[in-house]
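Overview (structure and organization)
Here's the letter readout for the chains.
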Amino acid sequence: MGHYVVRRLLQAIPLMFIISIFLYGLVNLAPGGPLAGRGSSKRLNPEQIAILKRQFGLDKPVCVRYVYWLIGNDWTKPVEEIPKPSVGVFAPIIQCLDPRSYLLSESPGVGKGVLRGDFGNSYRTRKPVLDIIKTSFKNSAYLMSITLVVVAIIAIPVGVISAVKQYSIFDIIVTTLSFIGQAIPEFWLGLILILIFYVWLKNPLTGDSLLPPGGMYTQGMAFSLIDWTKHLILPVTMGVVGWVTWYSRFLRSSMLDVIHQDYVRTARAKGLTLNKVYFKHALRNALLPLVTIFALDLPYIFAGSLYVEILFSWPGMGRLYYQAAVDRDYPMLMAILTLITLIVILSNLLADIVYARLDPRIHYD
Amino acid sequence: MIDIQPQLPREVTMRQLIWRRFRRHPGAIMGSIVLSCIILACTFAFLSPYDPYKSNLSERYHPPSLEHPMGTDALGRDLMTRVLYGGRVSLAVGFSVMVITLVIGIPVGAIAGYFGGRIDNILMRITDAALALPSLLVLILLGAILREVDAPWLKSNPVLTIAFVIGILAWMFTARLVRASYLTIREMDFVSATRAMGGSNLRIIALHIFPNAIGPVIVEATLEIAYAILEESGLSYLGFGIQPPTPSWGNLLSNAQEYLIKYPWLAIFPGIMIFLSVISINYIGDGLRDAFDPHKVLIKMGEV
Amino acid sequence: MYKKNSWFTIFGVLVLIGLLSSGCSTGTATPTTEQPGTAPTEAAPTEVTAPTTVPEKSQITVVIAEDPPTFNGAINQSGFDTLVMELAMLGLADLDEEGNAYPELAAELPTVENGGVVIDEENGTMDVTWKMRQDIKWEDGTPVTANDLVFTYEAVVDEETGYWIPGIDYVDGVEKIDDYTAVVHYNVIYPGYLTQFGGYLMVIWPAHYCDAEQGFSSWDCGLQPLSNGPYVLKEWVQNDHLTFERNPNYHEAGKPTIDEIVVKIIPDGAVRKQMLINGDADLDMWTSENIVAELKDVPNVEVSLSPVDRWVMRIFFNLAAKGTTDPVATPHPINSDLRVRQAIQMAIDTKTIAETFWFGYAKQVWTEFFRPPYNLCDVPQPIYDPEAAKALLEEAGWIDQDGDGVRECHGCTTGAEDGYKMEMEFITYSEYGETLDLTQEYIAEKLGEIGIKLTISRVEGTVLWESSENGGIEQSGNFDFDIWDDGYSGSDPTDFLWGYYASAAAEPDYGINYGRYLNPEIDDLIDQAYTLDEDLRKDLFCQMATILNRDLPELLLFTTVDANAHSSRLQGVQSNANEIVTWNVSDWTLK
């Protein structure tokens, strides 16, 4: 197994490389860029554009920028003027192949590059991208973990009972609810939740709205568990509805598969009580694929849910990404995309390892 | 001599068996009926006396009434007409995405699963790479890029553009599924038999294995449609999908959000349409899954 | 069996990872603001534990759509940065709601009359002497002096780390005369000198606190500002909220009256509106017209409208063919004919648009010079007459012969081929919102009725206004027909006019003359307008008004509202088209 893990990790490296190239191209090719005005100004003056280009390093061709992104540019030699490249269709290619484009730079470089842990500075705040991501990451992780815990608490019992009492009233109601839940667009649900709990329903004691419309906590208050919980209720609900339906149905079908296996029949024939059979033997095996799915969903903990964060003003990674996409904040976009991709690849590996540990039938060579 | 003809049981083909099982699934039947109604209504949207693009400023924001069963929108246009036309777009996106994922996913999965080895490795690495990308985030960027590409056939065909964008990040699931089927089926005897008889690889892949592998793929494809409809609505809601004035259920919702309290019908009806379509498709998918599932047959026969 | 509890453990571990990694996100204001020795004498009476009447801190909540990128309004110009900048910092002068300058850090405004401005007519240069107040201190007690002004200037013009602000090209240098006096040397006669280091983009930065090495564009003091304004930044939780406390050492006695301001980031407009209605928010920045109309009837909410309108919704014609930037070599096959532009103007029912989609908050304008003090020109109001428009198009050689509702060129004079269809792409930017979207759709429909077919596109602002190298639509001329809003800040339109109408500005990325309007008459008039002679300027502008109305390079339609909705208990809020609403925060009170 150890070999397998090492091999997978080694395979992940070229995978990440290729993906990073693709992402870099994607981010930089998206039309528009950080050199357009926004807000009230609408457009930048040519002087501002020239300054920003230099400060953002956008005066270099994409290939050079990618290399700088990867390994930094603090090793470049500052010169007065870079020899201008020839014009023509092949100019970009020539420029990319010319080592001088990489070595020489008009302004001193300060970046260390991703491989040394430096993801650059955000175009928006000019501060290191990782610092900003750290906070947002925590906030997203906080919300998503709670969501997943709630999902598990609801989905597992519901799924099991649905399977055990297949075709009962309970099962039919749950199944119908699951279908309903999966068919509702997430953001629409969020709007309805805000409508009901913030606009219509009022707290009978205070006359205020029943639940707050967003944010993680109320400013200025000392830390209060009730306050934090109140702020969690609606965003968690919005996230839970989609997942709990999916997980409970998945568990149900997984449980059904197990229940119909021969060995369960054998156990019952041997006289074990139903409960023991189901919960001790069947459930354990039914949960196996669920754990894998759960590990695969892990990246969502870190990526955060875009819709939830926008609607409920949650300061997480999803919203950070959305803002960066609108601003075309290239360093931020690259950092978020790369980190999430990395987490996905590692989660996949984790899922495979977990599955192998739990299921003795599986061997990796 | 009395000629007694023994009553042989009628031959039932696999296809008939599947169809019969499908029919027994109440949800799937309901879903099929509802979805057919929706598709019919959207197709015949041109029968509506109202023009989905022509504004009528004296009738803005009218609540549902006899003349306008779903009310009117911000430009006085009949909402029902726009919802039906929007349905065309959203459903078209849904089906197009399904086609795209099948067109990409099936060959990739089949080739990977059948040949195995290096080819499988390479294809699976590509699949993994595509899977690793966070889809919504990449979709936002891809959508922005493709909207600006100066190809006239792309610009005049927003449905294809969005479908392409969504599809290109969704084919992986189909590919994996197909690959798994091919991995199992290629070991079976009838495949080696065919090969021994001199069947070429292409023939085996396309003609022999494919019909047997198709079961889960059909289910998956059906569910893709629902997924695509939801994705399109989310993207359009964020502003990255279909652009107005072309109606789509997603962008109808995005405009209606602000008026949830004042003119709720603007958000309710497109939302209901999405809901009904997706739930119908999911039930149909569930019915198909049961229909193709060999276990279910045994259960029905009384075995526990 | 060892496997029994494995999945429990693994499950638990995974969840634990998630929870632990978020464990430290409780209220620890992350990018904390190191208050550099705030007046340690915080003997605020609120600390006393006496159970009797403790004066409650008055607090208001301001809701905005985006996190301010920094406190430096000049470098991102998002508006949200200026909002918080105005709370904490001061410039030499600022603009009031009428667009008139008033002094902030300056003791008085320098003018020609009081000798503050000295013009050298011969060389065409001028010197502006700024005398600063002597009673203003930074929050750490250091006085605000001319050193800070010079420091700010040098930071702005630094080659590596500086930035471009309007007018800075005309400044040769800033010379310190004494601790509270400095002279700004201009190499032209620049009418916009009053807001050179003030207005809604610029403030004065502390020389002893900001890091000159880091530079104007990225110094830390832009994120952890040293305050000399009415409020002090207490806490900033990125993407969530900022908390400000009143500056006890603010130079205006008794002001500000509100103790604490919380600025919350709420991206969704409908949620912000609801917060206002519920009383959970006191001020919404940049309230859009449709929400203003809704809030009109809500008893506890008032809307402050700016008395001066700045943003004019206008239609831009590309006078060069789509995809090119030379209107002479490749004139636009449809737009380059003046009669077509006139016809289009006659086919747009501005009055209906203003009343229906903009809820009456839009006012029709038809010349750049509609704001005081230059609104004296006699430019006739355009009439809405679709029949006359049709006739004019026929006359111009655009006739619909095949009966499909879209005109074709049959004898048109733009150089288009015979049979060229009158179809164009109509672009606007998507960030404005529904009101603009509906306006665009309506205009397209009306123009469709006179035989011009428009396909609607909505693109992100960044795609529209990027530089031509990056494929920016406007700069590269890749458009036919656009609609969006713009207007000049303050009361001096000269730079603005140059940007849009000067021939030199038509070069890609050099100016913003996107329509590629080339007219040497206008160039000359604009050049002459760089003077301080107001009478001359008025005359020049009226000449320009007449020429622009004759040539119609752009169609000016109507102004959009500059509104900020606020709770009734918050008084003193005054929307200001030339500034962001917090410009007069020290005057706000709570009922």
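Provided above is the structure to which this section pertains.
An account of the accompanying structure is given in this report. In this text the structure is predicted, and so the values were computed from the model without any measurement.

Our next topic: the overall build of chain B. Looking only at helices and strands, one finds 13 helices and zero strands in chain B. What you see in chain B, going N to C, is helices and strands ordered as α-α-α-α-α-α-α-α-α-α-α-α-α. Taking all contacts inside chain B whose residues are at least 6 apart in sequence as the whole, residues at least 24 apart take part in 71%. When the accessible area of chain B is evaluated, it comes to approximately 14400 Å², of which 67% is carbon and sulfur surface.

Interface size is often expressed as the accessible area that is lost when the parts come together. In this assembly, 73 residues from chain A lie in contact with 79 residues from chain C. Buried surface at the junction of chain A and chain C, both sides included, amounts to about 6600 Å², of which 59% is carbon and sulfur. Put simply, chain A and chain C have four salt bridges between them. Ionic pairing is found between A:Arg54 and C:Glu160, a salt bridge with its closest N-O pair at 3.9 Å. Of all the elements in the fold, those that place two or more residues in the side of chain A that touches chain C are helix H2 (46-56), helix H6 (129-164), helix H8 (186-200), helix H11 (274-303), helix H12 (306-311), helix H13 (317-327) and helix H14 (330-358) of chain A. With eleven residues, H6(A) is the largest single contributor of residues to the side of chain A that touches chain C. Here the residues of the side of chain A that touches chain C are counted per class, giving 38 nonpolar, 20 polar and 15 charged.

Let us now look at the pattern of salt bridges. Residues and elements named next belong to chain C. Using the criterion set out here, one finds 46 salt bridges over all chains in the structure. Notably, a salt bridge pairs aspartate 284 with arginine 272, separated by 3.0 Å at the nearest N-O pair. Here arginine 272 lies in helix H5 (residues 269-278) and aspartate 284 lies in strand S11 (residues 283-284), a separation of twelve residues in the sequence. The exposure classification of aspartate 284 matches that of arginine 272, with both residues buried. The salt bridge partner of arginine 550 is glutamate 521, with a shortest N-O separation of 3.4 Å. Of the two residues, arginine 550 is situated in helix H14 (residues 534-551) and glutamate 521 in helix H13 (residues 520-528); the sequence distance between them amounts to 29 residues.

Take empty space enclosed by the protein next. Scanning the entire structure with this criterion turns up 13 cavities of 30 Å³ or more. The space that makes up the second largest cavity amounts to roughly 180 Å³. Lining the second largest cavity we find 17 residues, and of these B:Asp73, B:Ala74, B:Arg77, B:Asn255 and C:Glu434 sit closest to its centre. Looking at the lining of the second largest cavity, the elements with two or more residues in it are helix H3 (79-115) and helix H11 (249-256) of chain B together with helix H10 (434-449) of chain C. Per-class residue counts for the lining of the second largest cavity are eight nonpolar, two polar and seven charged.

What follows covers the state of the cysteines. Summed over all chains, the structure comprises four disulfides over all chains. Paired by a disulfide, A:Cys63 and A:Cys96 hold their sulfur atoms 1.7 Å apart. On the sign convention where negative is left-handed, the bridge of A:Cys63 and A:Cys96, at about -90° about the S-S bond, is left-handed. Remark: A:Cys96 occurs in helix H4 (residues 91-97) and A:Cys63 occurs in helix H3 (residues 62-71); sequence separation between them is 33 residues. Here A:Cys63 falls in the buried class, since its relative accessible area comes to 19%. Using a relative accessible area of 24% as the deciding quantity, one classes A:Cys96 as partly exposed. The residue that forms a disulfide with C:Cys210 is C:Cys221, at a sulfur-sulfur distance of 1.9 Å. In this structure the cystine formed by C:Cys210 and C:Cys221 twists about its S-S bond by roughly 110°; its chirality is therefore right-handed. Linking C:Cys210 in the loop between strand S7 (181-186) and strand S8 (231-237) with C:Cys221 in the loop between S7 and S8, this pair joins segments that are eleven residues apart in sequence. Each member of the pair C:Cys210 and C:Cys221 is classed as buried. For chain C, the disulfide bridges join cysteines in the arrangement 1-2, 3-6, 4-5, where the cysteines are counted in sequence order.

All names here are of chain C. Residue position: threonine 367 is located in the loop between strand S14 (363-364) and helix H9 (386-395). When the C-alpha atoms of threonine 367 and phenylalanine 558 are compared, they prove to be 9.8 Å apart, with 191 residues separating the residues in sequence. Setting aside residues no more than four positions away along its own chain, threonine 367 makes contact with Val379, Ala545 and Leu556.

With that settled, the discussion passes to the sheet that holds strand S10 (residues 260-265) of chain C. All names here are of chain C. If you trace the seven strands from one edge of the open sheet to the other, you get S8-S9-S10-S1-S11-S21-S12, paired in mixed fashion. This sheet does not close on itself; its edge strands, each paired only once, are S8 and strand S12 (301-305). With two bridges connecting them, S11 and strand S21 (residues 563-567) associate as antiparallel partners. Residue pairing in the sheet places aspartate 284 in a bridge with alanine 565 of S21.

What follows deals with the interface of chain A and chain B. Listed by partner, the interface residues are 42 residues for chain A and 39 residues for chain B. Carbon and sulfur atoms make up 77% of the area that chain A and chain B hide from each other, which totals about 3700 Å². The interface formed by chain A and chain B includes one salt bridge. Notably, a salt bridge pairs A:Arg249 with B:Asp286, separated by 3.1 Å at the nearest N-O pair. Put simply, chain A and chain B have two residue pairs in polar contact (both at pLDDT 80 or more) between them. Secondary structure elements with two or more residues in the side of chain A that touches chain B: helix H1 (2-29), helix H7 (169-183), H8, H12, H13 and H14 of chain A.

Turning our eyes to something else, we now look at the packing of H3(B) against helix H7 (residues 158-167) of chain B. Residue and element names in this part refer to chain B. Interhelical geometry of H3 versus H7 gives an angle of 45° and a closest axis separation of 8 Å. By the angle between their directions, the pair H3 and H7 is classed as oblique. By crossing handedness, the relation of H3 to H7 is classed as right-handed. Across from Val89, Ala92, Val93, Ser96, Val97, Ile100 and Thr101 in H3, the residues of H7 making contact are Val159, Ile162, Ala163, Phe164, Ile166 and Gly167.

With that settled, the discussion passes to a nonpolar patch on the surface. Residues and elements named next belong to chain A. Together, Val6, Leu10, Ile13, Phe17, Ile18, Ile71, Trp75, Leu103 and Leu115 line one region of the surface with nonpolar side chains, adding up to about 840 Å² of accessible area. Following the sequence through the fold, isoleucine 71 ends up in helix H3. When its relative accessible area of 36% is taken as the criterion, isoleucine 71 is described as partly exposed.

Another aspect to go through is the sheet that holds S14(C). Residue and element names in this part refer to chain C. Overall, mixed pairing links the six strands, which are arranged S14-S20-S13-S19-S17-S18 in an open sheet. Each edge of the open sheet is held by one strand with a lone partner, namely S14 and strand S18 (453-459). As paired strands, S14 and strand S20 (residues 554-559) are joined by two bridges and run antiparallel to one another. Across the sheet, the residue bridging to glutamine 364 is phenylalanine 558, located in S20. Of the strands in this sheet, strand S13 (312-317), strand S19 (481-486) and S20 are in contact with helix H7 (residues 338-347), which crosses S20 at around 20°. Of the strands in this sheet, S13, strand S17 (423-429), S18, S19 and S20 touch H10, which is tilted by about 165° from S18.

Let us look at the pairing of S10(C). All names here are of chain C. Here S10 lies mainly inside the structure; six of its six residues are buried. Burial of the side chains of S10 extends over both faces: Glu260, Val262 and Lys264 are buried on one face and Ile261, Val263 and Ile265 on the other. Bridge count for strand S1 (residues 59-64) against S10 is six bridges, and the pairing is parallel. If you follow glutamine 59 over to S10, its bridge partner there is glutamate 260. Alignment of strand S9 (residues 241-246) against S10, held across five bridges, turns out to be antiparallel. By the bridge assignment, phenylalanine 244 is partnered in S10 with isoleucine 261.

Let's shift gears to the nonpolar core. Membership of the largest hydrophobic core comes to 332 residues, with the highest contact counts inside it found for C:Phe216 and C:Phe244. It is helix H9 (residues 225-259) of chain A that provides the largest number of residues to this core, a total of 14 residues. The residues touching C:Phe216, leaving out its near neighbours within four places in the chain, are C:Asn72, C:Ala74, C:Ile75, C:Ala155, C:Val156, C:Thr161, C:Gly162, C:Tyr163, C:Met202 and C:Trp205. Formed by twelve residues, the second largest nonpolar core is a distinct cluster that contains B:Ile106, B:Tyr182, B:Ile205 and B:Ala213.

Looking now at the packing of helix H9 (residues 189-196) of chain B against helix H10 (residues 201-238) of chain B. All names here are of chain B. Viewed as axis vectors pointing N to C, H9 and H10 meet at an angle of 155°, and their least axial separation amounts to 11 Å. Taken together, the axes of H9 and H10 lie roughly antiparallel to each other. Classified by chirality, the crossing of H10 by H9 is right-handed. Seen from H9, the contacting residues are Phe190, Val191, Thr194 and Arg195; seen from H10, they are Asn201, Ile204, His208, Ile209 and Asn212.

Definitions and limits used
Residues numbered from 1 in each chain as written. Chains lettered and ligands numbered in written order. Predicted model: local features only at pLDDT ≥ 70, side-chain atom pairs only at ≥ 80, totals over all residues. Heavy atoms only, no water. Helix = DSSP H or I, 4+ residues; strand = E, 2+ residues; numbered from the N terminus. Contact = heavy atoms within 4.5 Å. Areas by Shrake-Rupley, 256 points an atom, 1.4 Å probe, with all protein chains shown as cover. Buried area = accessible area lost by both parts, 1.4 Å probe. Salt bridge = Lys/Arg side-chain N within 4 Å of Asp/Glu carboxyl O. Nonpolar A, V, L, I, M, F, W, Y, C, P; charged D, E, K, R; others polar. Buried < 20%, exposed > 50% of the residue type's maximum accessible area, 1.4 Å probe, protein only. 1 Å grid on protein atoms, 1.4 Å probe; cavity = no way out; pocket = protein on both sides within 12 Å on 5 of 7 lines; lining within 4 Å. Points joined across faces, edges and corners; volume = space filled by probe spheres on them. Disulfide = S-S within 2.5 Å. Pairing = 2+ DSSP bridges. Polar contact = N/O pair within 3.5 Å; in protein donor to acceptor, adjacent residues only side chain to side chain. Axes fitted to C-alpha atoms, helices over the stretch in contact; angles between N-to-C directions. Parallel < 35°, antiparallel > 145°, perpendicular 65-115°, else oblique. Left-handed = near helix turned anticlockwise from the far one by under 90°. Patch = residues over 30% accessible without salt bridge, like charges linked within 9 Å, V, L, I, M, F, W, Y side chains within 5 Å. Core = buried A, V, L, I, M, F, W, Y, C linked by side-chain atoms within 4.5 Å.

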